[in-house]
Amino acid sequence: MYNAKSQSSGVSIYNQHQDSHSPRRLQLMAELGVAIRDEQLALYYQPKIELTSQKCIGFEALIRWKHPTLGMIPPAEFINLAEMSNTIHALSLWVLEHAIMQLKKWHELGIYLPIAINLSARNLINQSLPEVIKRLLQDYQVDAKWLEIEITESAFISDPERAESVTREISRLGIALSIDDFGTGYSSLSYLKRLPIQTLKVDRSFVGGMLLNKQDAAIVRSTIGLAHSFGLTVVAEGVEDKETLDAITELNCEHAQGYFICRPAPEDQIVTWYYSQQNV
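Let me begin by describing the structure that accompanies this report.

**Side note on the environment of Glu164**
(1) Moving on: Position of Glu164 among the secondary structure elements: in helix 6 (residues 160-172).
(2) Moving on: Judged by its relative accessible area of 16%, Glu164 falls in the buried class.
(3) Moving on: In this structure the C-alpha to C-alpha distance between Glu164 and Leu195, which are 31 residues apart in sequence, comes to 7.0 Å.

**Observations regarding the packing of helix 2 (residues 23-37) against helix 3 (residues 75-83)**
(1) Moving on: At a closest axis distance of 10 Å, the pairing of helix 2 and helix 3 adopts a crossing angle of 65°. Judged by the sense of rotation from one axis to the other, the crossing of helix 2 with helix 3 is right-handed. The segment helix 2 lies against helix 3, with Arg24, Arg25, Leu28, Met29 and Leu32 engaging Glu77, Phe78, Leu81 and Ala82.
(2) Moving on: In the contact of helix 2 with helix 3, the residues fall into 6 nonpolar, no polar and 3 charged.

**Some thoughts on the pairing of strand 4 (residues 115-118)**
(1) Moving on: Bridge count between strand 2 (residues 56-67) and strand 4: 2 bridges; the pairing is parallel. Following the sheet pairing, Glu60 is matched in strand 4 by Ala116.
(2) Moving on: In this structure, strand 4 lies alongside strand 5 (residues 147-152), joined through 4 bridges in parallel fashion. In the sheet register, Ile115 faces strand 5, and the bridge partner there is Leu147.
(3) Moving on: Since strand 4 and strand 5 lie parallel, the crossover through helix 5 (residues 129-139) that links them has a hand, and here it is right-handed.

**Describing the pattern of salt bridges**
Close approach of charged atoms lets side chains of opposite charge pair.
(1) Moving on: This model, assessed by the stated rule, comprises 9 salt bridges.
(2) Moving on: Of the charged contacts in the structure, one is a salt bridge between Arg172 and Glu169, with a shortest N-O distance of 2.5 Å. With Arg172 and Glu169 both in helix 6, this residue pair falls 3 residues apart, about one helical turn.
(3) Moving on: Assessed through its relative accessible area of 60%, Arg172 is described here as exposed.
(4) Moving on: The network of salt bridges with shared partners includes Glu60, Glu150, Lys201 and Glu237.

Conventions and cut-offs
Residues numbered from 1 in each chain as written. Predicted model: local features only at pLDDT ≥ 70, side-chain atom pairs only at ≥ 80, totals over all residues. Heavy atoms only, no water. Helix = DSSP H or I, 4+ residues; strand = E, 2+ residues; numbered from the N terminus. Buried < 20%, exposed > 50% of the residue type's maximum accessible area, 1.4 Å probe, protein only. Axes fitted to C-alpha atoms, helices over the stretch in contact; angles between N-to-C directions. Left-handed = near helix turned anticlockwise from the far one by under 90°. Contact = heavy atoms within 4.5 Å. Nonpolar A, V, L, I, M, F, W, Y, C, P; charged D, E, K, R; others polar. Pairing = 2+ DSSP bridges. Right-handed = clockwise from strand over helix to strand, strands pointing away. Salt bridge = Lys/Arg side-chain N within 4 Å of Asp/Glu carboxyl O.

Okay, structure coming up:
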């Protein structure tokens, strides 16, 4: 009924994925806290490469839930559930700590590349977050420059002043910040001007369609130009084939990530990929 109203249509066919009270969603919501405590979660890593050299310049950490009975659950199924409650804070803390632990482990192996993690809108209105990040970095003796934070444009809609304050405190720690999924949210240019952002990530929905859709191509081209006018580095997300890789290279995009480069994978597989890529 509510879906039909929101779509201004007289009829809406039931879809369990739209039902926040479906048995599976209720089960996941109830068990997510247990998953955090019982270490059912895992971080997968997707490399980012520099287009001119084709070398790896960092990784994005992506969370996965290895449910004991339901199998591997993608983040799209449980991140929104976590954001509906205070579980998002425990979940983000888990991601932060495990990403920093991974940095420490990689430094011991001689791998010095940054790891980027995603923070939600609710994280960015938590004024204690910068101090939590600072403490974790100190506990594991990891320099802040190896951690990157990715935030979406929509994170600034609910409480822009507090989100901006928290973002600036994180930046003062020496952590690099990037705008993720640019073009799909609020798209206020004032954020690019006011916030201490170093990188802008072009959303995969535009990059993936740029070879076949002139509008997508125009959006990618103009976004890269806009970012460069602000002195920002650009990452193209969702690069799925060589033709797209070549196209964004011609547009002077600096960095890229996507399945054509490397799919997200567990730590051991990513380390193997990294060493093989170094020998190319």
